[in-house]
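If you want the building blocks of each chain, they are given just below.
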Amino acid sequence: VIKSSGKNEDLVELNVSAQARKYDPALPKTYLARAIRYQRKGFRPQTLITSMVDVEAHPAAEVIALYHERWELELGYDEIKTEMLDRQETIRSRTVKGIEQEVWGILLAYNLVRVEMERTADDLGVEPTRISFVAALRIVCDTWAWCAIASPGALPTRLKTMREFFTRLVLPPRRTSRRYPRAVKIKMSNYARKRPAHASS
């Protein structure tokens, strides 16, 4: 600990790992970071380490909230891999340009679905995370297939119908009291092993 930056937070000095310095000898032996200690209801105390050391530009409460919100990104990756690509993540292209085009196509399709979800959420006054991505994706795919054989004049009406369907996709608020400690089923890491609730000793 170098100095206290406020209640439950300190400016700390951490060692750069030997492995990292071997990969890049230009790295310093130590670096400064900010350690924020906090506890969410129903969870054990935690310490969040961040490179955002300016306490005025980055208040602790905002950093904590954004840290937990960033896990929405993990859900997004899962939606792309599981729902959009059906667990077939292999890039088929054999050229650099082809790979770039394929990746951009995947990201573009994902974000177009998300744009429609966000518009619906704004109209209904709820968070975009309250709209079901899986159901939204299926509706968009069905609409796309229908539009392929429809006349151009029918497209605006079909898109309007699609957006009306979206309003039925609102999920209930997430249960903030749910708690799932991070663990693994097979002991291959430093996390605790997940065992059945009534396992015999």
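Attention in this report is confined to the structure presented alongside it. It should be emphasised that the depicted structure is a prediction, and the values quoted were computed from it without experimental measurement. Each chain carries its own residue numbering, running from 1 in the direction its sequence is written. Given that the model is predicted, a residue must reach a pLDDT of at least 70 before its local features are reported, and side-chain atom pairs must reach 80 or more before they are shown or counted; all residues, however, enter totals for whole chains, interfaces and linings. As a convention, hydrogens and water are excluded, and side-chain values are obtained from all of the structure's heavy atoms.

**Re the nonpolar core**
At step 1: Nonpolar cores are built from buried Ala, Val, Leu, Ile, Met, Phe, Trp, Tyr and Cys residues. Side-chain atoms within 4.5 Å join them into one set. Whether a residue is buried, partly exposed or exposed follows from its accessible area with a 1.4 Å probe, protein chains only, as a fraction of its type maximum: under 20%, in between, or over 50%, in that order. If you look at the biggest cluster of nonpolar residues, it comprises 14 residues, and the most contacted ones within it are Val113, Met117, Phe133, Ala136, Phe166 and Leu169.
At step 2: Secondary structure elements are defined from DSSP: runs of H or I of at least 4 residues count as helices, runs of E of at least 2 residues count as strands, and each element is numbered from the N terminus. Considering every element that reaches this core, the biggest residue donor is helix α4 (residues 96-124), with five residues.
At step 3: Setting aside residues no more than four positions away along its own chain, Phe133 makes contact with Glu79, Glu83, Met84, Tyr110, Val113, Arg114 and Met117. Contacts are assigned to residue pairs that have any heavy atoms within 4.5 Å of one another.

**Here's the deal with the packing of aromatic side chains**
At step 1: Stacked, tilted and edge-to-face pairs are distinguished by plane angle, under 30 degrees for stacked and over 60 for edge-to-face with tilted covering the rest, among Phe, Tyr and Trp rings (Trp via its six-membered ring) whose centres lie within 6.5 Å. Across all of its chains, the model carries one aromatic pair by this definition.
At step 2: Geometrically, the ring pair formed by Tyr110 and Phe133 is tilted, given 5.2 Å between the ring centres and 45° between the ring planes. Taken together, the residues span a long stretch of sequence, with Tyr110 in helix α4 and Phe133 in helix α5 (residues 133-147) at a distance of 23 residues. Each member of the pair, Tyr110 together with Phe133, is buried.
At step 3: By definition, being over a ring means that NZ of Lys or CZ of Arg is both within 6 Å of the ring centre and within 35 degrees of the ring normal. A cation over a ring is seen here: Arg158 above Trp146, with NZ or CZ 5.0 Å from the ring centre.

**Focus: the pattern of salt bridges**
At step 1: Basic side-chain nitrogens of Lys or Arg form a salt bridge, by our definition, when they fall within 4 Å of a carboxyl oxygen of Asp or Glu. Counted according to the given criterion, the structure contains seven salt bridges.
At step 2: A salt bridge links Glu9 to Arg34, with the nearest nitrogen and oxygen atoms 2.7 Å apart. In this pair, Glu9 is assigned in strand β2 (residues 9-15) and Arg34 in strand β3 (residues 30-38), connecting sequence segments 25 residues apart. For the pair Glu9 and Arg34, one class covers both residues: buried.
At step 3: Linked through salt bridges whose partners overlap, the residues forming this network are Glu116, Arg119 and Arg163.

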